[in-house]
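# Residue-level structural notes
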Amino acid sequence: MHPPHRIPVFPPQEAAPHAAAFDVHEIRSHFPVLHQSVRGKPLVYLDNAATTHKPRAVIDAVSRFYERDNSNVHRGLHALSERATKSFEDARHKVQQFIGAAESCEIVFTRGTTEGINLVAQTYGRRHVGPGDEVLITTMEHHSNIVPWQLLCEENGATLRVVPISDSGELLLEEYERMLGPRTRLVALVHLSNALGTINPVRRMADAARAYGIPVLVDGAQAVAHFPVDVRDLGADFYAFSGHKMFGPTGIGVLYGRRALLEEMPPWQAGGDMISSVTFEKSSWNRLPYKFEAGTPNIAGAIGLGAAVDWLEGVDRDAAAAHEDDLTRYAMSAIGSIPGVRLIGTAREKSSVVSFVITGIHPHDVGSILDREGIAIRAGHHCTQPLMNRYDLPATTRVSPALYNTRDEIDAAVRALHKVIEIFR
Amino acid sequence: MSDLSDLYQELILDHNRRPRNYGRPETPNRRSEGYNPLCGDHITLYLVVDGETIRDVRFEGTGCAVSKASASMMTEALKGKSLEDAEILFQSFHRLVTGCPELGGKGPALGKLSVFSGVSEFPMRVKCATLAWHTMRAALEGRPEAVSTE
C-alpha cells in the first residue's frame, strides 16, 4: 500500500504553444488582491485549490448589486425587485450555459459543493438507498463527498463501498466496474482531486454506471475553474460545485441535477419560496428549481457567480488550461527534483495540484516558513484523511496554481523550499 | 529572517530531530490523547504519578517540529514535578506562547521552555505548541479521551 519512492522526472519543457497567446500578465491585472506585498515580499498565491481570487468584474458585480439593485427576489412588485430577480435568474441561465445543462431549472443555487452533495444525500439518497443497498465512492474523495454518504448509509442500513486507487493516484477502473452491481444505488466521485490533482475518467465511469441504471454524482469543486465542463457530455446526473473556487464569491454554489431526477426528489429545506401553496393541513411544492431553494437566497453571491462565468468565458479557456498544465508540470519537475521530496499524486491525467512530502520535515513547518516568504500554500490533510491513510501520511504540502500564476512564482516557491531544507538540515 | 529563527531555534530543531522521552513507560497510570483535527497532529501522553509527584512522563505521536519539540521539552520539564507545579507550568507556558505577560509569583520557572516565546509571533502555530500541554492536563484530570486544541 505504499507509493513508489521513485520521483517521476518530467522533462523541463518549453512553454506550451498556447502560452504565447495566453497573456498571464493581462490576466493578473484583473485581480486586485494579487498586487500586494505580504511580510515584505510580493504575494505568491499558490493555494487556489482552497479558494481562488476574484477578478475586478466579480467584485464590481457584487457591489453594483448592493449599490443599485438590492432587493428581494421573486416577490416584489417594485422596480428594484424586478431588477434583482432578473439579475439573479440571468446568473442561473449563465451557469446553465456554462456547464451545458439542458434547462436552467436544473440549476439549483446552494451555499457550495458541500451543500449540494448533502442535498442529494438527504433527498434522493433517503428515498432510494435502503437496507442492504450500496453507495459507491472513491478513495480520493474530499470529506464532503464521504461523510454525507456515511450518515445516509448508517441511517438507512446501507453500505458505503470505496473504489481503490493505484500508488500514482489513479482509480482502479476494473475494480470499479466489478463493484457496480444490482445493489448499487448511487456513485459519487470527484472530477479533479483536490489532494492529488488526478482527473478522473468521469464519462467512462458514468457509462459503466448507466448500464445498471445507477445515477452518478460528480464533485466538480476543483474542476470547473480549470477546464470546460459539459455535464451532459460527461453523463453526470448530479454535478456540484462552488463559486469561490472558480473566481466567484464565497457562500454560493451550484447543484446541477437532471430534471427527471430533481422532479421526483422530495424537497429538502422547507420555508419561503419553495412552496406553491401552504395551508395548516398541507403544503405543495414550487416548481424546479425553487423547490430546493427555501428562504431568501444568496442573491449577490449568485450575481457574482454569474459575473465569474462571464469573466471566464472571456478568457481563452483552452489556452488557460494549457497554461495551468504547463505550471503543474513545471512545478512537479522543479519540486520533485529537490532532494528528499516525494510527490504524492502522479497520475497521467492531472492538473493544478502538486502535493508532496519532504523527508523528516512536517508540512506545517513548510507552510509557516513559506508564509514568511510571502508564499501561500496549503499544508495538511486537505479534508481527505482516508486518502492520507492510504498513503500512510498525516499530511502533505500542496501547491495549487491557477490561471493567473507564473513560472516565476513556482521558482519563488522552490527557492523557499530550499530554505526550509536549509533550516532543518 | 529573524522571525523565522525565533520560531525554529536550534533547541527546538534538536528536540524535533531527537525527541526525548519518546515511547511508553512500562507502567503508566495516567494516559491521554491529543489531536488536532485540522492538522492531523496526534500525541499519546503517558505519565507515572506517585501521590502528588510526576515520576515519569513519555509520549508517542506524529506532528510538526513545534508540536514534537514542545512535547519532548515538556516531558523533560515535568519529571519530578508536583501536580501543582505542573499546572503552574501549564499556565506559564500558555501565557508565553500566546504573548501574555508573565504572572510572576511562586512556582517553577519556565527555564529552557522559554525558547518557545517566538511562537507568539505565529498565531497559527500556538495550537501546535500547546497540544502536548493540553493533553498532559487532560491526563492528570483523568480524561483519557482525545483532547483537541482546535
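Keep in mind that this is a model prediction, so the values were computed, not measured.

Conventions and cut-offs
Residues numbered from 1 in each chain as written. Chains lettered and ligands numbered in written order. Predicted model: local features only at pLDDT ≥ 70, side-chain atom pairs only at ≥ 80, totals over all residues. Helix = DSSP H or I, 4+ residues; strand = E, 2+ residues; numbered from the N terminus. Rg over C-alpha atoms; globule rule 2.2 N^0.38 Å. Buried ≥ 20, exposed ≤ 12 C-beta atoms within 10 Å, placed from the backbone. Contact = placed C-beta atoms within 7 Å. Nonpolar A, V, L, I, M, F, W, Y, C, P; charged D, E, K, R; others polar. Core = buried A, V, L, I, M, F, W, Y, C linked by C-beta atoms within 7 Å. Domains from an automatic or database assignment. Axes fitted to C-alpha atoms, helices over the stretch in contact; angles between N-to-C directions. Parallel < 35°, antiparallel > 145°, perpendicular 65-115°, else oblique. Pairing = 2+ DSSP bridges. Right-handed = clockwise from strand over helix to strand, strands pointing away.

Within chain A, the regular secondary structure consists of 15 helices and 17 strands. In terms of overall dimensions, chain A is globule-like: its C-alpha atoms have a radius of gyration of 22 Å, near the 22 Å expected for 425 residues. Taken along the three principal axes of its C-alpha coordinates, chain A extends 75 × 55 × 35 Å. The buried share of chain A, reckoned over its 425 residues, is 50%. Contacts in chain A between residues far apart in sequence, at least 24 positions, make up 71% of those at least 6 positions apart.

Let's shift gears to the interface of chain B and chain A. Opposite the 16 residues of chain B that make contact, chain A presents 13 residues. With three residues, the single largest contributor to the side of chain B that touches chain A is helix α1 (residues 2–7) of chain B. Class assignment for the residues of the side of chain B that touches chain A results in eleven nonpolar, three polar and two charged.

All right, on to the nonpolar core then. As a rule of thumb, nonpolar side chains are buried together in soluble globular proteins. With 120 residues, the main nonpolar core has Val135(A) and Ala413(A) as its most contacted residues. The two domains that each donate at least three residues to this core are domain 1 (17–46 + 316–424) and domain 2 (58–313) of chain A. Among the nonpolar cores identified, the runner-up in size contains 37 residues, and Ile12(B), Ile43(B), Ala71(B) and Val119(B) belong to it.

All names here are of chain B. Put simply, helix α2 (residues 10–17) and helix α3 (residues 65–78) touch, their axes get as near as 8 Å, and they point 85 degrees apart. Here α2 lies roughly perpendicular to α3, going by the angle between them. Two secondary-structure elements touch here, α2 through Ile12, Leu13, His15 and Asn16 and α3 through Ala65, Val66, Lys68, Ala69, Ser72 and Met73.

Okay, the pairing of strand β5 (residues 134–138) of chain A next. All names here are of chain A. Burial analysis of β5 places five of its five residues in the buried class, the great majority of the element. Neither face of β5 is open: one carries Glu134, Leu136 and Thr138, the other Val135 and Ile137, and all of them are buried. In this structure, β5 lies alongside strand β6 (residues 159–163), joined through five bridges in parallel fashion. Note that in β6 the partner of Ile137 across the bridge is Val162. One crossover worth recording links β5 to the parallel β6 by way of helix α6 (residues 147–156), and it is right-handed. In this sheet, strand β7 (residues 184–190) lies alongside β5 in parallel orientation, the contact comprising three bridges.

Now for the pairing of strand β2 (residues 41–50) of chain B. Residues and elements named next belong to chain B. Of the pairings in the sheet, the one linking strand β1 (residues 30–36) to β2 comprises seven bridges and is antiparallel in character. Bridged to Glu33 within β2 is Thr44. Both β2 and strand β3 (residues 53–62) contribute to a ladder of nine bridges, which runs antiparallel. Residue pairing across strands places Thr44 opposite Glu60, the latter belonging to β3.

Here we come to the domain arrangement of chain A. Residue and element names in this part refer to chain A. As far as domains go, chain A holds domain 1 (17–46 + 316–424) and domain 2 (58–313). On the side of domain 2, 22 residues touch domain 1, which itself brings 22 residues to the contact. Only α12 (317–336), β14 (354–358) and α14 (385–390) provide two or more residues apiece to the side of domain 1 that touches domain 2. In terms of residues, the side of domain 1 that touches domain 2 owes the most to one element, α12, which gives four residues.

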